[in-house]
Amino acid sequence: MPKHAPRDWNAADEEATRVVSPQETRVVSGDTAEYQPVPPARQQSQAASDVPVTQTMRRAPQQQAYRPNVAPVESPAQQPFSPNAQAAQREPVRRGGAGAAWLLKLIAVVLRLCAIALAALVVANAFNIGPLRIRLVEITSTVASWIPDGLSGSLVYQTPFGGVLRGDFVAVAVAFFIVDWLLSRKARELRDR
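Here the structure is a predicted model, which is why all the values come from computation and not from measurement.

1. Focus: helix α6 (residues 167–192)
Turning to step 1, where the next piece is worked out: Its 26 residues place the ends of α6 38 Å apart at the C-alpha level, agreeing with the 38 Å of an ideal helix rising 1.5 Å per residue.
Turning to step 2, where the next piece is worked out: Every buried residue of α6 is listed here: Gly167, Asp168, Phe169, Val172, Ala173, Asp180, Leu183, Ser184, Ala187 and Leu190.

Structural data, given as structure tokens:
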């Protein structure tokens, strides 16, 4: 029988099932097979020397969120939705603002129609339309007379379709569209006041 084996079989069962941590045991002799329990007083000093010191993060005690005591307040009286009531709450439109808004809207529509007509004229001039070409040249010369002299005829380019691209008409049409947008926006502002 080996030297380190206990003689009592019940004690051997208890010793075999007992969980031992490294801080509780020490080697008595050079033989690594012999372990003996460490007394509790020495256990703390040995644990301090065996285990490195670690810092632990301490949590602050949790506090309950502050909830002020609020007195109950009555909710406002509920009213059913009525579209006529909202229209009555709006400020009345001033007559001068409504008239100016209507006039600006009218000018914007006229400028938009002129810009669309100029764009259609640019497309028609870009193609060779055969026998109607004479009539198209008459209309183009009439419209070109309304454009300022510095811009009229300055941006004309030949197209591969047998016609010409009237850049002056394109520039005026773009300007008309921009002014139309600005006037429509201003009319909307005057109407909403």
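2. Side note on the pattern of salt bridges
Turning to step 1, where the next piece is worked out: The tally for this structure, following the rule as stated, stands at four salt bridges.
Turning to step 2, where the next piece is worked out: In this structure, Lys186 and Glu189 form a salt bridge, with 4.0 Å as the shortest nitrogen-oxygen distance. One end of the pair, Lys186, and the other, Glu189, are both in helix α6, three residues apart, so they sit about a helical turn from each other.

3. A few points about the nonpolar core
Turning to step 1, where the next piece is worked out: In this structure, Ala115, Leu118, Leu121, Val122, Leu136, Val143, Ala144, Ile147, Phe169, Val172 and Ala173 together form the largest nonpolar core, which totals 11 residues.
Turning to step 2, where the next piece is worked out: Elements with a contribution of two residues or more to this core: α4 (95–126), α5 (133–146) and α6.
Turning to step 3, where the next piece is worked out: The element contributing the most residues to this core is α4, with four residues.
Turning to step 4, where the next piece is worked out: The contact partners of Leu118, leaving out residues within four places of it in the chain, are Val143, Phe169, Val172, Ala173 and Phe176.
Turning to step 5, where the next piece is worked out: Membership of the second largest hydrophobic core comes to seven residues, among which are Leu104, Ala108, Leu183 and Leu190.

4. Some points on a nonpolar patch on the surface
Turning to step 1, where the next piece is worked out: A cluster of nonpolar side chains, Leu155, Tyr157, Leu165, Val170, Val174, Ile178, Trp181 and Leu182, forms an exposed patch at the surface whose accessible area comes to about 730 Å².
Turning to step 2, where the next piece is worked out: Considering each element in turn, the nonpolar patch owes the most residues, five residues, to α6.
Turning to step 3, where the next piece is worked out: Looking at the secondary structure, you find Val170 in helix α6.

5. Let's talk about a positive patch on the surface
Turning to step 1, where the next piece is worked out: Together, Lys105, Arg185, Arg188 and Arg191 make up a region of like positive charge exposed at the surface.
Turning to step 2, where the next piece is worked out: Tracing the sequence through the fold places Arg188 in helix α6.

6. Observations concerning the side chain of Arg166
Turning to step 1, where the next piece is worked out: Here Arg166 is to be found in strand β4 (residues 164–166).
Turning to step 2, where the next piece is worked out: Classification of Arg166 by relative accessible area gives buried; the value is 11%.
Turning to step 3, where the next piece is worked out: Of note is the side chain of Arg166, whose polar atom sits 2.8 Å from the side chain of Asp168.
Turning to step 4, where the next piece is worked out: In this structure Arg166 touches Val122, Asn125, Thr140, Ala144, Gly153, Leu155 and Val156, once residues within four positions along its chain are discounted.

Rules of the game
- Residues numbered from 1 in each chain as written.
- Predicted model: local features only at pLDDT ≥ 70, side-chain atom pairs only at ≥ 80, totals over all residues.
- Heavy atoms only, no water.
- Helix = DSSP H or I, 4+ residues; strand = E, 2+ residues; numbered from the N terminus.
- Expected span 1.5 Å × (residues − 1).
- Buried < 20%, exposed > 50% of the residue type's maximum accessible area, 1.4 Å probe, protein only.
- Salt bridge = Lys/Arg side-chain N within 4 Å of Asp/Glu carboxyl O.
- Core = buried A, V, L, I, M, F, W, Y, C linked by side-chain atoms within 4.5 Å.
- Contact = heavy atoms within 4.5 Å.
- Patch = residues over 30% accessible without salt bridge, like charges linked within 9 Å, V, L, I, M, F, W, Y side chains within 5 Å.
- Areas by Shrake-Rupley, 256 points an atom, 1.4 Å probe, with all protein chains shown as cover.
- Lys, Arg positive; Asp, Glu negative; His and termini not counted.
- Charge placed at Lys NZ, Arg CZ, Asp CG, Glu CD.
- Polar contact = N/O pair within 3.5 Å; in protein donor to acceptor, adjacent residues only side chain to side chain.

Note that every value here comes from positions in space, so none of it alone points to a role or purpose.
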